[in-house]
Amino acid sequence: MTEVAQRQELEPAVPLAALFTAFLAVSLCGVGGGGGIVWARRIAVEKRRWISDREFADIVSLCQFVPGPNIVGIAVCVGAKMRGAIGTIAALCGFLVIPWAIGLSLGLLCLEYAHLRVLGNILGGIAATAAGLLIATGIRLLLPHRRRPAALLFAGLAFALITFGRLPLLVVLFGLVPVSIAVAGVEAARAR
Amino acid sequence: MTEPSAPIALTAHLALVSSISFGGFPTVLPDVRNFVVGTHGWMTNQEFANLFAVAQSIPGPNMILMMSFVGWKVWGFPGAVASAFATFGPPCTMYFAAYRLWDRFRNAPWQRIVRLGLVPVVMGLVIAGGTVMARAADTGWRAVAVTIAAATITLTTRLSPMWTLLAGAALGGFGLL
């Protein structure tokens, strides 16, 4: 924190407009889900040099800990780091407002014609593919935990309760997460 | 079109699930599908899958866009705006608060344990999100094969998801699914 404070004293504050345009670019570059974080890093770390690689990794690590889309969290945190609350609002507005307006118009236009056979078929193909991408993301992020039987058990339970049990997210999360954390705690205590 | 309390029910539900959306977009999909298609019957499985397909192929904040499409379907433009706020408002508030407190718990030992417990459950939920969407979009065994192929390609190659999505769109467009 002090390091950042000193640096901000030495350098002029990042203009709010720059935060806005940077996260506008991040938003428009990330398509198909998942690509957003790569673009956020490229722009905030490599191109604008606002934060270091380590600070970026730290922000990503924080965002994975909080509910919500990680990429939105990165906009919030980078904005807050550069300019405080007003910086967060500038980064968020850049990330959301214009892409939302364009996306909503394009999307509704597209959905208007979804009854046309060709378009319906295309959307069906995309939905099936995008579902596969989600499954792959889940499997990939679960792989580092594959040597912990408890991790696989809780992942399997969460999967089954949602897919076959059709239970609400709230029930599954609050039913499984405390037990899963307790088991992880016991494992950590034994390992010590 | 629907009962007057529908927009309020939807907005409140979205605000609730977005507040617990660990892992982001995919984990809330089954819950929102149950609410919108099952409980209230505001749209069919097919329509819900279409919203998903459109949101995933447009650049920008897909989760917020998808929920805005749902809001639009229930209550037009005000519904779209309300759904967008309900989807990003609670997480943004939490991100900001967490950022302010992060220095205090960044290196706490319990943080690692909470992560070890949380991540597997969330990843189970992400896989469930994909599976539920595959079933909502299901048009037969060929669609299932496409889902499995897309997952396999993503796991075994470094191909950009954009190309995989384009291939899926082409297969669908040529009427092969």
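Residues numbered from 1 in each chain as written. Chains lettered and ligands numbered in written order. Predicted model: local features only at pLDDT ≥ 70, side-chain atom pairs only at ≥ 80, totals over all residues.

> Summarise the overall build of chain B; cite the residues concerned and give the values.
Regarding its fold elements, chain B presents seven helices and zero strands. Moving toward the C terminus, one meets the helices and strands of chain B in the order α-α-α-α-α-α-α. Buried positions account for 56% of the 177 residues belonging to chain B. (Helix = DSSP H or I, 4+ residues; strand = E, 2+ residues; numbered from the N terminus. Buried ≥ 20, exposed ≤ 12 C-beta atoms within 10 Å, placed from the backbone.)

> Report on the overall build of chain A, specifying residues and quantitative values.
Counting its regular elements, chain A contains eight helices and zero strands. Ordered by position in the sequence, the α and β elements of chain A form the string α-α-α-α-α-α-α-α. Taken over C-alpha atoms, the radius of gyration comes to 21 Å for chain A, far larger than the 16 Å a tight globule of 192 residues would show. Taking the principal axes of the C-alpha coordinates as reference, chain A spans close to 60 × 55 × 25 Å. (Rg over C-alpha atoms; globule rule 2.2 N^0.38 Å.)

> An account of the interface of chain A and chain B is requested, with residue identities and associated values reported.
Opposite the 84 residues of chain A that make contact, chain B presents 88 residues. Looking at the side of chain A that touches chain B, the elements with two or more residues in it are α2 (16-29), α4 (53-63), α5 (70-112), α6 (117-142), α7 (149-163) and α8 (169-191) of chain A. Looking at the side of chain A that touches chain B element by element, the count peaks at 23 residues for α6(A). Grouping the constituent residues of the side of chain A that touches chain B by class yields 58 nonpolar, 24 polar and two charged. (Contact = placed C-beta atoms within 7 Å. Nonpolar A, V, L, I, M, F, W, Y, C, P; charged D, E, K, R; others polar.)

> Describe unusual backbone geometry, listing the residues and the values that go with them.
Even without a glycine there, the phi angle at A:Arg49 is positive, about 55 degrees. Here A:Arg49 is to be found in the loop between α3 (35-47) and α4.

> Would you mind going over the domain arrangement of chain A in detail, with residue names and values included?
Along its sequence, chain A is organised into domain 1 (2-112) and domain 2 (145-192). Of note, the centres of domain 1 of chain A and domain 2 of chain A, computed from C-alpha atoms alone, are 31 Å apart. (Domains from an automatic or database assignment.)

> How would you summarise the packing of α5(A) against helix α3 (residues 45-57) of chain B if you had to cite specific residues and measurements?
Running from amino to carboxyl end, α5(A) crosses α3(B) at an angle of 140 degrees, the nearest separation of the two axes being 10 Å. When the axis of α5(A) is compared with that of α3(B), the two are oblique. In this structure, the crossing between α5(A) and α3(B) has a hand that is right-handed. Every residue of α3(B) that contacts α5(A) at A:Gly107, A:Cys110 and A:Leu111 is listed here: B:Asn50, B:Val54 and B:Ala55. Split into classes, the residues belonging to the contact of α5(A) with α3(B) amount to four nonpolar, two polar and no charged. (Axes fitted to C-alpha atoms, helices over the stretch in contact; angles between N-to-C directions. Parallel < 35°, antiparallel > 145°, perpendicular 65-115°, else oblique. Left-handed = near helix turned anticlockwise from the far one by under 90°.)

> Break down the environment of B:Gly140 for me, with residues and values.
Structurally, B:Gly140 can be placed in the loop between α5 (109-136) and α6 (141-156). Through-space distance from the C-alpha of B:Gly140 to that of B:Arg106 is 48 Å; in sequence the pair is 34 residues apart.

> For the environment of A:Ala188, give the residues involved together with the corresponding values.
Tracing the chain through its elements places A:Ala188 in helix α8. The spacing of A:Ala188 and A:Glu46 is 142 residues in sequence and 37 Å in space, taken between C-alpha atoms.

> Quick rundown of the confidence of the model for chain A? Include the residues and the values.
Residues of chain A with pLDDT of at least 70 account for 92%, and the chain-wide mean is 90. By mean pLDDT, helix α1 (residues 2-10) of chain A is the weakest element of chain A at 53, and α7(A) is the strongest at 96. (pLDDT = per-residue confidence, 0-100.)

> Pulling in residues and values, what's your account of the nonpolar core?
One finds A:Ala75, A:Val76, A:Cys77, A:Ala127, A:Ala158, B:Phe52 and B:Met133 to be the most contacted residues of the largest nonpolar core, which totals 116 residues. The element contributing the most residues to this core is helix α4 (residues 62-105) of chain B, with 19 residues. Here A:Ala127 is in contact with B:Ala49, B:Phe52, B:Ala53, B:Met133 and B:Ala137, once residues within four sequence places are set aside. (Core = buried A, V, L, I, M, F, W, Y, C linked by C-beta atoms within 7 Å.)

> Lay out the confidence of the model for chain B in plain terms, naming residues and giving numbers.
Residue and element names in this part refer to chain B. Counting all residues, the mean pLDDT for chain B is 92, and 98% of those residues have values of 70 or more. Across chain B, element-level confidence peaks in helix α1 (residues 6-19) with a mean pLDDT of 95 and bottoms out in helix α7 (residues 161-173) with 92. Both scores are given for the predicted complex: the pTM is 0.92, the ipTM 0.93.

> Which residues make up the environment of B:Leu10, and what are the values?
Residue and element names in this part refer to chain B. Tracing the backbone shows Leu10 in helix α1. The exposure class of Leu10 is buried, given the 26 C-beta atoms found within 10 Å. Sequence separation between Leu10 and Gly41 is 31 residues, and the spatial gap between their C-alpha atoms is 12 Å.

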